[in-house]
Amino acid sequence: MSTTAFESDVSKAVKAARDYDLAIEFGSGIPYQPEMAEWYENLDIPRVPHNYFPAPRNPFVLNLASQSEEVRTRSINHCLQGLRLAKRSGAPFYAAHAGFCVDPKPSELGGAIEVETEYDKEMGYNIFRESVLQVAQEAERVEVPFLIENNVVLPENAGRQKNTPLLCSTPSEIYSFMRGVDHPRVGLLLDTGHLKVSARTLGFSLEEAVGEIRPYIQGIHHSDNDGRSDSNQGITESYWFLPFMEEFQGVSHVLEVADQSIDSILQQVKLITRVLTDK
């Protein structure tokens, strides 16, 4: 369960984990608190650190493809910290979002990203690849997989000729990037909600996308939406990814839905568990 289901209230998430035997993914929406890393390490529940967690004292947008040396260095160091936290807490992986060819403002995340200058997408991928390979060295050392989460492309961020500055948002780009990195400790955290919105915006097939990127999927974020925005709605029997679930019994599954009641959460956990275990 992601902390998004508990409005990023860590005390609610921890209580639910203890009361209902849940594992918790501590996500990016949790505000900065002193000594959060130490608090996380000392918890007595199964847990995973994700992306921007724990939030730093001085906010920034994590961007492993940034042309700014300062932003890129901070991003790499944050991911190194995430891997070490994952190792010390027995987490199955640590994941960060794919990079951007521009440096968004924190207020732009999840909405329209203003692109003030021309960008070189090939350069962005080269920077991103070098950053990931640096982080992968630590992933190898601590023996924890480093997963990249696919970006979501909203209609307002599609760009001219649908040339978006958000990397790893199409199946062909994900496949090409993972093949280029070619590291045993690097894989894909597939966000199904992101993929659904990007497919509608950029005009690719969800079914074909899953087939193309399947070899790299080591974790899955589950949520649903209307294809227009990444609203993190709950999943039901009509969830588009449900028919593919049996192909991913051996990967990590995270329910990343927003502001849910505990009854709704348990119902969705039960649905995922049933589909994964049914023969």
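Residues numbered from 1 in each chain as written. Predicted model: local features only at pLDDT ≥ 70, side-chain atom pairs only at ≥ 80, totals over all residues. Heavy atoms only, no water.

Comments concerning the overall build of the chain
The helix and strand inventory of the chain stands at eight helices and seven strands. Against the 2.2 N^0.38 benchmark of 19 Å for 279 residues, the chain shows a C-alpha radius of gyration of 18 Å, consistent with a compact globule. Projected onto its principal axes, the C-alpha coordinates of the chain cover approximately 50 × 40 × 35 Å. When contacts within the chain are restricted to residue pairs at least 6 apart in sequence, long-range pairs at least 24 apart make up 71% of them. A total of about 12700 Å² of accessible surface is found on the chain, and carbon and sulfur atoms cover 47% of it. Taking the average place of the 25 positive charges on the side chains of the chain and the average place of its 40 negative ones, the gap between the two points comes to 2 Å. (Helix = DSSP H or I, 4+ residues; strand = E, 2+ residues; numbered from the N terminus. Rg over C-alpha atoms; globule rule 2.2 N^0.38 Å. Contact = heavy atoms within 4.5 Å. Areas by Shrake-Rupley, 256 points an atom, 1.4 Å probe, with all protein chains shown as cover. Lys, Arg positive; Asp, Glu negative; His and termini not counted. Charge placed at Lys NZ, Arg CZ, Asp CG, Glu CD.)

Considerations on the sheet that holds strand β7 (residues 252-255)
Across the sheet, five strands lie side by side as β3-β4-β5-β6-β7; this open sheet has parallel pairing. The open sheet terminates on both sides in strands that have one partner only, identified here as β3 (94-97) and β7. The mean angle between the axes of side-by-side strands here comes to 25 degrees, regardless of whether they run parallel or antiparallel. Two strands pair when backbone bridges link them, and strand β6 (residues 217-222) and β7 are joined in this way by four bridges, in the parallel orientation. Across the sheet, residue H221 finds its bridge partner in β7, namely V254. (Pairing = 2+ DSSP bridges. Axes fitted to C-alpha atoms, helices over the stretch in contact; angles between N-to-C directions.)

Concerning helix α8 (residues 262-277)
Across its 16 residues, α8 extends 22 Å between first and last C-alpha, which sits within 8% of the 22 Å expected from 1.5 Å per residue. Within α8, the full set of buried residues consists of S264, I265, Q268, L271, I272, V275 and L276. The buried residues of α8 occupy an angular sector of 125 degrees when projected down its axis, which confines them to one face. When the buried face of α8 is taken as reference, the exposed residues oriented beyond 90 degrees from it are D263, Q267 and K270. In this structure, the buried residues of α8 make contact with β6 and β7. (Expected span 1.5 Å × (residues − 1). Buried < 20%, exposed > 50% of the residue type's maximum accessible area, 1.4 Å probe, protein only. Arc of directions from axis to C-beta.)

Some details on unusual backbone geometry
Following F53, the chain continues to P54 via a peptide bond in cis, the omega torsion being -10 degrees. Within the fold, P54 resides in the loop between β2 (47-49) and α3 (69-88). For E35, which is not a glycine, the phi torsion comes out positive at approximately 60 degrees. Checked against the element boundaries, E35 lands in the loop between β1 (24-26) and α2 (36-41). By relative accessible area, which is 54% here, E35 ends up exposed. In the Ramachandran plot, N232 falls in the positive-phi region, its phi being about 55 degrees despite a non-glycine side chain.

As for the pattern of salt bridges
Close approach of charged atoms lets side chains of opposite charge pair. Under the definition given, this model contains twelve salt bridges. Residues K12 and E7 are paired through a salt bridge, measuring 3.6 Å at the closest nitrogen-oxygen approach. When its relative accessible area of 43% is taken as the criterion, K12 is described as partly exposed. Residue K121 pairs with E173 through a salt bridge whose shortest N-O separation is 2.9 Å. A residue pair is termed long-range when its members are at least 10 positions apart, and K121 in helix α4 (residues 121-142) and E173 in helix α5 (residues 171-181) qualify at 52 residues. According to the relative accessible area criterion, K121 is buried, its value standing at 13%. Put simply, R84, E138 and R141 are held in one network by salt bridges that share partners. (Salt bridge = Lys/Arg side-chain N within 4 Å of Asp/Glu carboxyl O.)

What about α5?
Listed in full, the buried residues belonging to α5 are P171, E173, I174, F177, M178 and V181. Seen along its axis, α5 keeps its buried residues to an arc of 165 degrees; they face one direction. Structurally, α5 contributes buried residues whose contacts are with α4, β4 (146-149), β5 (186-191) and α7 (206-213).

Let's talk about the nonpolar core
One finds F26, F128, V132, F146 and F241 to be the most contacted residues of the largest nonpolar core, which totals 93 residues. Among the elements that make up this core, the one with the highest residue count is α4 (seven residues). Ignoring any residue separated from it by four or fewer positions in sequence, one finds F241 in contact with L190, T192, V210, I220, H222 and F248. (Core = buried A, V, L, I, M, F, W, Y, C linked by side-chain atoms within 4.5 Å.)

What to know about the packing of aromatic side chains
Tallying each qualifying case throughout the model produces 14 aromatic pairs. The interplanar angle of 15 degrees and the centroid separation of 6.1 Å between the aromatic rings of Y94 and F146 together place this pair among those described as stacked. Separated by 52 residues along the polypeptide, Y94 in strand β3 and F146 in strand β4 bring together distant segments of the chain. Owing to a relative accessible area of 0%, Y94 belongs among the buried residues under this scheme. In this structure F146 comes out as buried when scored by relative accessible area, which is 0%. The aromatic ring of Y40 is capped on one face by R47, whose charged end is 5.2 Å from the ring centroid. (Phe/Tyr/Trp six-rings, centres within 6.5 Å; stacked < 30°, edge-to-face > 60°. Lys NZ or Arg CZ within 6 Å of the ring centre and 35° of its normal.)

Any functional reading would require information that these geometric values do not contain.
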